[in-house]
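What the coordinates show
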Amino acid sequence: MPLHERIIPYLETADLYHLDRLISQWLWVNEPLLSAFVERWRPETHTFHMPFGECAITLQDVAYQLGLPIDGEAVSGCLTDFENLMDNRRPTWEWFRELFGELLPPNKVKQMTVHFTWFHERFWDLPADTSEETVRIHARAYIMMLLLSQLFADKNANRVHLRWLPYLALMDDLGRYSWGSAALAWLYRCLCHGTNRNVVNVAGPLQLLQSWIFWRFFSLRPCGFDVFEFPLASRWATYLPTTDAGDQRVFLWDPYSAPDVAAIVHPDILVEEHRRLWMAAMSLIYFVAIEWHQVDRVVPQFGGVQHLPQLALNIDWLHAKDGRGGDRWFSSYYQE
């Protein structure tokens, strides 16, 4: 969906404008490279185990790479009983019609999800003389597509779940949520799921993972990408995967201290109240995905000396299992 100028203020209010700047130049994913890293992911520590030690994607990386807020309320909510969804007990589809202006044709609906193509067909054009209320409707659709396509994609890549209705109904409050920690929780969950030998494809914000690899592993970085701006993931705008291999032992512990990075990073990223969260061992929440931000195992990434970390958490508690040994989240909402 194209970004119209009248939608930009809504993205700025939601603290998602930096993320939107990446859409028109989003990089291709190098699947063999990412698969090699998934094989080194340890679900019990949420770190990559390398010959030189452990490393991980942290909230600091999310802030620098995607420009997302990492402080704020959790992205969460009830995922049951969507037939009578929360707001004054109104039926879900009646609420959907109020937020998006019309109901969908039956062929665009499957259970509690909507096909992406309906949003593209319905909200592609925004006339210049349209009313502000119509602009808000288009902004809701654009934000939903932005979140689902860039941060919270799952294997239902062509469908949108209606869990987002409560957020879009209060669109002016979207800026109070910690989108960065939710995206990292979802990436952690997808990486943990990807370690299952029966899983073929990994979902989640894989562009974040790939950009993190390129910034941290100098020898795996593609050549010719020396000019960049904020967010840092935009550096790889024209990247195309190749079959070149590199030595994975060369790791940059602190790539963000370089002067050329400091010159373009947005000042909001460096606010002290946000920086304190970079090294906070805490839970990351994205609806029912609750993952541990275990930064005490990767202290050198913050310029410190690695001490003896705490014991790994019990992943059976973090990743609730169903009766067949599968993950409850994926069993219910993640179609294989």
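Use the structure listed above.
Report on the accompanying structure. Since we're looking at a predicted model, the values are computed, not measured.

It is worth spelling out empty space enclosed by the protein at this point. Inspection of the entire model under this criterion finds one cavity of 30 Å³ or more. In this structure, the largest cavity encloses a volume near 30 Å³. As for the largest cavity, its lining consists of T45, H46, T47, A56, T58, Y188, W292, H293, Q294, V295 and V298. Of the residues that constitute the lining of the largest cavity, the class distribution is five nonpolar, six polar and no charged.

The next subject is the packing of aromatic side chains. Ring pairs (aromatic) are described by centroid distance and by the angle formed between their planes. With the rule as written, the count across this model stands at 42 aromatic pairs. Taken together, a centroid distance of 5.2 Å and an interplanar angle of 85 degrees make the contact between W215 and F228 edge-to-face. Here W215, found in helix α10 (residues 206-216), pairs with F228, found in the loop between α10 and α11 (259-262); they are 13 residues apart in sequence, far enough to count as distant. By the ring-pair criterion, three or more aromatic residues cluster together here, those being F37, W41, F48, F52, Y188, W212, F217, F251 and W253. The ring of W215 carries the charged tip of R221 above its face, separated from the ring centre by 5.8 Å.

With that settled, the discussion passes to the pairing of strand β8 (residues 289-293). Burial along β8 is one-sided: the residues A289, E291 and H293 are buried and none of I290 and W292 is. The pairing of strand β7 (residues 282-286) with β8 spans five bridges and is classified as antiparallel. Considered in β8, the bridge of S283 is made with W292. A loop of two residues connects β7 with β8, the two strands running antiparallel in sequence, and F287 in this loop sits at a positive phi of about 50 degrees.

Side chains that are nonpolar tend, in soluble globular proteins, to be buried together. By size, the foremost hydrophobic cluster in this structure holds 101 residues, and its most contacted members are F100, F119, W164 and W179. Contacts of W179, omitting those with residues within four sequence positions, involve A14, L16, L68, P69, V75, L147, F152, W164, Y167 and L174.

It is worth spelling out the environment of K108 at this point. Considering the arrangement of structural elements, one finds K108 in the loop between α5 (92-100) and β4 (109-110). By relative accessible area, K108 is classed as buried at 14%. Separated by 51 residues in the primary sequence, K108 and R159 place their C-alpha atoms 9.1 Å from one another. Of note is the side chain of K108, whose polar atom sits 2.7 Å from the side chain of T117.

Taken in spatial order, the three strands make up an open sheet running β1-β2-β3, and their pairing is antiparallel. Each edge of the open sheet carries a strand with a single partner, namely β1 (41-42) and β3 (53-55). Where β1 meets strand β2 (residues 47-50), two bridges bridge the pair, whose relative direction is antiparallel. Paired with R42 across the two strands is T47, which belongs to β2.

Scoring rules and cut-offs
Counting of residues starts from 1 at the beginning of each chain's written sequence and follows it residue by residue. Two thresholds apply to this predicted model, a pLDDT of at least 70 for residue-level local features and 80 or more for giving and counting side-chain atom pairs, whereas whole-chain, interface and lining totals are computed over all residues. No hydrogens and no water enter the side-chain calculation; it runs on all heavy atoms of the structure. A cavity here means a set of points on a 1 Å grid, drawn over the protein atoms and nothing else, where a 1.4 Å probe fits but cannot get out; a pocket is an open set with protein on both sides within 12 Å along at least five of seven lines, and a residue lines either one if it has an atom within 4 Å of a point. Grid points are joined across faces, edges and corners, and a volume is the space filled by probe spheres set on the points. Any residue that is not Ala, Val, Leu, Ile, Met, Phe, Trp, Tyr, Cys, Pro, Asp, Glu, Lys or Arg is counted as polar, Gly included; the first ten are nonpolar and the last four charged. Only the six-membered ring of Trp is used, alongside the rings of Phe and Tyr, when aromatic pairs are assigned; centres must lie within 6.5 Å, and planes under 30 degrees apart are stacked while those over 60 apart are edge-to-face, with the rest tilted. Strands here are runs of E lasting at least two residues and helices are runs of H or I lasting at least four, both read from the DSSP assignment and numbered beginning at the N terminus. Here, a charge over a ring is recorded when the distance from Lys NZ or Arg CZ to the ring centre is within 6 Å and its angle to the ring normal is within 35 degrees. Each residue gets one of three labels from its accessible area relative to the maximum for its type: buried under 20%, exposed over 50%, partly exposed in between, using a 1.4 Å probe on protein chains only. Note on pairing: DSSP must find at least two bridges between two strands before they are called paired. We define a nonpolar core as any set of buried Ala, Val, Leu, Ile, Met, Phe, Trp, Tyr and Cys residues linked to one another through side-chain atoms lying within 4.5 Å. Note on contacts: a residue pair is in contact if any heavy atoms of the two residues lie within 4.5 Å. N or O atoms closer than or at 3.5 Å make up a polar contact, with two conditions inside protein: a donor-capable atom paired with an acceptor-capable one, and, for residues adjacent in sequence, both atoms drawn from side chains.

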